[in-house]
Amino acid sequence: MKNKKIYLEFIRIVACFFVIVNHTVSYVFWDYVPGGKTWCVSVFSFFLCKFSVPVFLMISGIVLLGKEDSYGKLFKRIKKIVIIIIMSSMLYYINECIRLHTKFGFLTFVQRMIERPFSNCLWYLYMYLGILLILPVLQKMTKHMTKRDYEYILISGFFILSVCPVIAHCMGKNGVSSLVTGSMLGVYVLMVILGYYLEKYICVKETMIKWLLLIVIGETCVNVALSYHEWRVLIDNNKLTSPNDYLFYSNQEYINVLILSICVFLLLKSIWIKYEYKFSANVKKIVSYIGGLTLGIYVMGDFWIEMFLPLYYRGCARLHPMICVVILQAFVFIVGMIVTMILKRICKK
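Being a predicted model, the structure only gives us computed values, none of them experimental.

*Asks:* I keep staring at the overall build of the protein chain and nothing clicks. Help me out?
*Replies:* Along the backbone of the protein chain there are 17 helices and zero strands. Taking the principal axes of the C-alpha coordinates as reference, the protein chain spans close to 55 × 55 × 50 Å. Counting across all 349 residues of the protein chain, residues that qualify as buried make up 49%. Contacts in the protein chain between residues at least 24 apart in sequence constitute 82% of all its contacts with a sequence separation of at least 6. Put simply, the protein chain shows about 18500 Å² of open surface, and 66% of that area lies on carbon and sulfur atoms. Charged side chains in the protein chain number 37 positive and 18 negative. The centres of these two groups are separated by 9 Å.

Next comes the structure, spelled out in structure tokens:
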């Protein structure tokens, strides 16, 4: 169990860093016409990092499902997430007031916090809170499900919610009625269940690493090519308004990102299993400790990106944008880690 926990922390760290990549690399390819080397490399990294949220949810499934927690433990989890949402929302709202020179309004703050996240990175907390609210039902349901039950709910659910929208887009149609999709378990809930299924039924082997790596690289290249095709179609039809228009396939709810996420999850697990014996007890402790900081790094990510973004643009005057954005990503991760570490120690006191 101890080794499993460390492997999950390792994956959390990787996923957390790639969330930062997801929130920053668009500053590069937005300034380039699709098709060039810089555009291809930056969009490749943009699609590659799309595994982050699905993998976070898969980890949640491994940690939360297969057991029945008491309602007291559930309420503690909910309380923790609510407090984090309030405190992080306050941080982003105060920063917004300072930046826009507007007055702080408590009622405005509360209303906006209830209605929508104050920052792009906070949407995950809102979604995760919703999952926690139905967790007792999910735990009871999945605890008694057979392998065939899991496969039925995952295949049918992802086909309707992840495959059909892509097929409909390719055919220029509207897709499955919302009366059907709205009555099913949501994609993010299915990702939580998927994580538990992969942990319980899929055995990873060292020999899988090269094949998983090839699939990850190959599928990411396909996603880049599809995006270039989307751009060409939009240009030819004079419908392009922003780079977001040709990024249809970057939606983490769609099947292409789901396949990528499964492969990355299994790849990272396989790598850890293969090389774990080389890591000392101290290294494993460090990995476990940093893994415990990832939520704080993630929550404050957009704040630090905004703080360091002017340095990125200054650096672009001297260095290649891809070099500058990697430096920005490293800064955001390291600073977020240090600040989270300090806040954690203060809270313990």
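*Asks:* Is there a simple way to explain the packing of aromatic side chains in this structure?
*Replies:* Two aromatic rings, taken as a pair, are described by how far apart their centres are and by the angle between their planes. Counted by the stated rule, this structure contains 35 aromatic pairs. With a centroid separation of 5.3 Å and an interplanar angle of 50 degrees, the aromatic rings of Tyr93 and Phe118 are classed as tilted. With Tyr93 in helix α5 (residues 71-100) and Phe118 in the loop between α6 (106-115) and α7 (123-133), the pair connects residues that are 25 residues apart, well separated along the chain. These aromatic residues form a ring-pair network of at least three members: Phe56, Trp123, Tyr124, Tyr128, Tyr188 and Tyr298.

*Asks:* Could you clarify how one ought to interpret the layout of surface pockets in this entry?
*Replies:* In this approach, a probe sized like a water molecule rolls over the atoms, and the result shows the empty space that is left. Here the largest pocket is characterised by a volume of approximately 1400 Å³. Forming the walls of the largest pocket are 34 residues, and the residues nearest its centre are Lys80, Ile84, Gly292, Leu295 and Gly296. Elements with a contribution of two residues or more to the lining of the largest pocket: α1 (2-24), α4 (52-64), α5, α7, α15 (294-299) and α17 (321-348). Counting residues per element, the lining of the largest pocket draws most heavily on α5, which supplies ten residues. Among the residues forming the lining of the largest pocket, the class breakdown is 20 nonpolar, seven polar and seven charged.

*Asks:* Sorry, what's going on with the side chain of Ser227 here?
*Replies:* Note that Ser227 resides in helix α12 (residues 208-236). Classification of Ser227 by relative accessible area gives buried; the value is 0%. From its side chain, Ser227 meets the backbone oxygen of Asn223 in a polar contact 3.0 Å long. Aside from chain neighbours lying at most four places away, what touches Ser227 is Trp39, Phe47, Tyr246 and Leu247.

*Asks:* Explain the pattern of salt bridges to me, please; I cannot follow it from the model alone.
*Replies:* Per the counting criterion, the structure on display carries eleven salt bridges. Salt-bridge contacts for Glu68 lead to Lys143; the nearest nitrogen and oxygen are separated by 3.9 Å. With Glu68 in the loop between α4 and α5 and Lys143 in helix α8 (residues 135-143), this pair connects stretches of sequence that are 75 residues apart. Under the relative-accessibility criterion, Lys143 is labelled partly exposed at 41%.

*Asks:* In this structure, what is going on with the side chain of Ser270? I would like to understand it.
*Replies:* Its place among the elements puts Ser270 in helix α13 (residues 255-275). Those residues in contact with Ser270, other than ones at most four positions away along the chain, are Val204, Lys205, Met208, Ile209 and Leu212.

*Asks:* I'm lost on α7 in this one. Help?
*Replies:* Residue pairs spaced three or four apart in an α-helix point in one direction, given the helix's 3.6 residues per turn. Residues of α7 that are buried: Tyr124, Leu125, Met127, Tyr128, Leu129, Ile131 and Leu132. Next to the buried residues of α7 lie α4, α5, α8, α11 (187-201) and α15.

*Asks:* Just checking my understanding: could you explain a nonpolar patch on the surface for this structure?
*Replies:* Together, Ile94, Ile98, Phe104, Phe106 and Leu107 make up a nonpolar patch on the protein surface, roughly 560 Å² of accessible area in all. Secondary-structure elements contributing two or more residues to the nonpolar patch are α5 and α6. Positionally, Ile94 belongs in helix α5.

*Asks:* Any chance you could explain the nonpolar core here in plain terms?
*Replies:* As a rule of thumb, nonpolar side chains are buried together in soluble globular proteins. If you look at the biggest cluster of nonpolar residues, it comprises 96 residues, and the most contacted ones within it are Leu57, Tyr124 and Phe265. When near neighbours in sequence (up to four residues on either side) are disregarded, Phe265 contacts Tyr7, Ile11, Val55, Met58, Ile59, Ile62 and Leu198. One finds Cys49, Val166, Trp231 and Phe248 within the second-largest nonpolar core, a separate group that totals 17 residues.

*Asks:* In this structure, what is going on with unusual backbone geometry? I would like to understand it.
*Replies:* Excluding glycine, a negative phi dihedral is what most residues carry, and trans is how most peptide bonds are arranged. In this structure, His101 takes a positive phi of about 60 degrees despite not being glycine. Assignment of secondary structure puts His101 in the loop between α5 and α6. Looking at His101, the relative accessible area reads 73%, which means it is exposed. Backbone geometry at Asn238 places phi at a positive 55 degrees, although glycine is not the residue there. Along the chain, Asn238 falls in the loop between α12 and α13. Looking at Asn238, the relative accessible area reads 72%, which means it is exposed.

Parameters at a glance
Residues numbered from 1 in each chain as written. Predicted model: local features only at pLDDT ≥ 70, side-chain atom pairs only at ≥ 80, totals over all residues. Heavy atoms only, no water. Helix = DSSP H or I, 4+ residues; strand = E, 2+ residues; numbered from the N terminus. Buried < 20%, exposed > 50% of the residue type's maximum accessible area, 1.4 Å probe, protein only. Contact = heavy atoms within 4.5 Å. Areas by Shrake-Rupley, 256 points an atom, 1.4 Å probe, with all protein chains shown as cover. Lys, Arg positive; Asp, Glu negative; His and termini not counted. Charge placed at Lys NZ, Arg CZ, Asp CG, Glu CD. Phe/Tyr/Trp six-rings, centres within 6.5 Å; stacked < 30°, edge-to-face > 60°. 1 Å grid on protein atoms, 1.4 Å probe; cavity = no way out; pocket = protein on both sides within 12 Å on 5 of 7 lines; lining within 4 Å. Points joined across faces, edges and corners; volume = space filled by probe spheres on them. Nonpolar A, V, L, I, M, F, W, Y, C, P; charged D, E, K, R; others polar. Polar contact = N/O pair within 3.5 Å; in protein donor to acceptor, adjacent residues only side chain to side chain. Salt bridge = Lys/Arg side-chain N within 4 Å of Asp/Glu carboxyl O. Patch = residues over 30% accessible without salt bridge, like charges linked within 9 Å, V, L, I, M, F, W, Y side chains within 5 Å. Core = buried A, V, L, I, M, F, W, Y, C linked by side-chain atoms within 4.5 Å.

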